[in-house]
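A look at the structure
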Amino acid sequence: MARFTPAERWIHRTTAVLLGTCVVSAACLYLPQLAELVGRRALVVTVHEWTGILTPVPTLLGLVSRAFRADLTRLNRFGPHDRRWLRAVLRRDTREGARPAGKFNAGQKLYAAYISGAVLVMAGTGLLMWFTDLAPLVWRISATFVHDWLALAVGIVLLGHIGMALGDPEARRGLRTGTVDRRWAAREHPLWRTDEDRDG
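Residues numbered from 1 in each chain as written. Predicted model: local features only at pLDDT ≥ 70, side-chain atom pairs only at ≥ 80, totals over all residues. Heavy atoms only, no water.

As a further point, take the pattern of salt bridges. Between side chains of opposite charge, a pair can form when the charged atoms approach closely. Applying the stated criterion across every chain yields a total of 7 salt bridges. Asp-82 is the partner of Lys-109 in a salt bridge, and the nearest nitrogen-oxygen pair spans 2.8 Å. Of the two residues, Lys-109 sits in helix α7 (residues 106-130) while Asp-82 sits in helix α6 (residues 80-90), which places them 27 residues apart along the sequence. Owing to a relative accessible area of 7%, Lys-109 belongs among the buried residues under this scheme. Arg-95 is paired through a salt bridge with Asp-93; the nearest N and O atoms lie 2.6 Å apart. The class of Arg-95 is exposed, set by a relative accessible area of 60%. We classify Asp-93 as buried; its relative accessible area is 10%. Among the charged side chains, a network of salt bridges with common partners joins Asp-71, Arg-74 and Lys-103. (Salt bridge = Lys/Arg side-chain N within 4 Å of Asp/Glu carboxyl O. Helix = DSSP H or I, 4+ residues; strand = E, 2+ residues; numbered from the N terminus. Buried < 20%, exposed > 50% of the residue type's maximum accessible area, 1.4 Å probe, protein only.)

The subject of this paragraph is the packing of aromatic side chains. Using the criterion set out here, one finds 3 aromatic pairs in the structure. With centroids separated by 5.4 Å and ring planes inclined at 85°, the aromatic side chains of Trp-50 and Trp-130 adopt a geometry described as edge-to-face. Linking Trp-50 in helix α3 (residues 41-54) with Trp-130 in helix α7, this pair joins segments that are 80 residues apart in sequence. Take Trp-50: its relative accessible area is 46%, and that puts it in the partly exposed class. Judged by relative accessible area, Trp-130 falls into the partly exposed class, the value being 26%. Taken together, a centroid distance of 4.8 Å and an interplanar angle of 25° make the contact between Trp-130 and Phe-131 stacked. Among the aromatic side chains, those forming a connected cluster through ring pairs are Trp-50, Trp-130 and Phe-131. For the cation-ring pair, Arg-3 lies above Phe-104, with the distance from its terminal atom to the ring centre recorded as 5.6 Å. (Phe/Tyr/Trp six-rings, centres within 6.5 Å; stacked < 30°, edge-to-face > 60°. Lys NZ or Arg CZ within 6 Å of the ring centre and 35° of its normal.)

Moving on to unusual backbone geometry. Excluding glycine, most residues fall at negative phi; most peptide bonds, likewise, are trans. Even without being a glycine, Arg-40 presents a positive backbone phi close to 45°. Along the chain, Arg-40 falls in the loop between α2 (32-38) and α3. According to the relative accessible area criterion, Arg-40 is exposed, its value standing at 64%. Within the chain, Arg-92 stands out as a residue other than glycine whose phi angle is a positive 60°. Locating Arg-92 in the fold gives a position in the loop between α6 and α7. According to the relative accessible area criterion, Arg-92 is exposed, its value standing at 72%.

As a further point, take the UniProt feature "transmembrane region" (unreviewed entry) in the protein. The UniProt record marks residues 110-129 and 149-167 with the feature "transmembrane region" (unreviewed entry), using the residue numbering of this structure. Here residues 110-129 is 100% helix and 0% strand, with 28 Å between the C-alpha atoms at its ends. Taken end to end, residues 149-167 comprises 95% helix and 0% strand; its first and last C-alpha atoms sit 28 Å apart. (UniProt positions renumbered as here; feature names shortened; annotations may be inferred.)

A few words on the layout of surface pockets. The space that makes up the second largest pocket amounts to roughly 930 Å³. Considering the residues around the second largest pocket, the lining is formed by 33 residues, among which Ala-26, His-48, Met-122, His-147 and Ala-151 are closest to the centre. Those elements that place two or more of their residues in the lining of the second largest pocket are α1 (6-30), α3, α7 and α8 (137-166). A total of 10 residues in the lining of the second largest pocket trace back to one element, the largest contributor, which is α8. The residue inventory of the lining of the second largest pocket, partitioned by class, reads 23 nonpolar, 7 polar and 3 charged. (1 Å grid on protein atoms, 1.4 Å probe; cavity = no way out; pocket = protein on both sides within 12 Å on 5 of 7 lines; lining within 4 Å. Points joined across faces, edges and corners; volume = space filled by probe spheres on them. Nonpolar A, V, L, I, M, F, W, Y, C, P; charged D, E, K, R; others polar.)

Next comes the structure, spelled out in structure tokens:
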């Protein structure tokens, strides 16, 4: 069963490489043990700056894909079934039918919204830190504070995302090959076909 187009898979992969490189280079700049291990601080700073600036680019380029735009619309819609899904997760209710989801479940929608917002805030605060003439000192100090703490939060959320992916081989196959098993789709995303029919 087709789940993602080649364009969508490349957008995900490219964003993952850029964001992953950005987070790893940030860790090398922030943690003394890693900084000593890697060395070449100036190169690490340059890699961090450019991967940070480039991270939103795959998503922006992906807007030419109709399938990607349709999935962004799905990710941006939060309905009653999503609230049911969240309540079931909070209650740890794993009964069949307790977690209704369309093509994307409520957790995936919240993750996408969080990462999208975080990347924009990180890019904005990063620019204030990179180009020191853009703003007064107090703004740059504030930008550094927000950038550092949000970076830690993004790192934790990314680890959670990777952990969830490692626990679901069929979801990983969907992003690797573009197709998933129909039984998996019926179990994990029972409203998905209805979604597709409504969207034409």
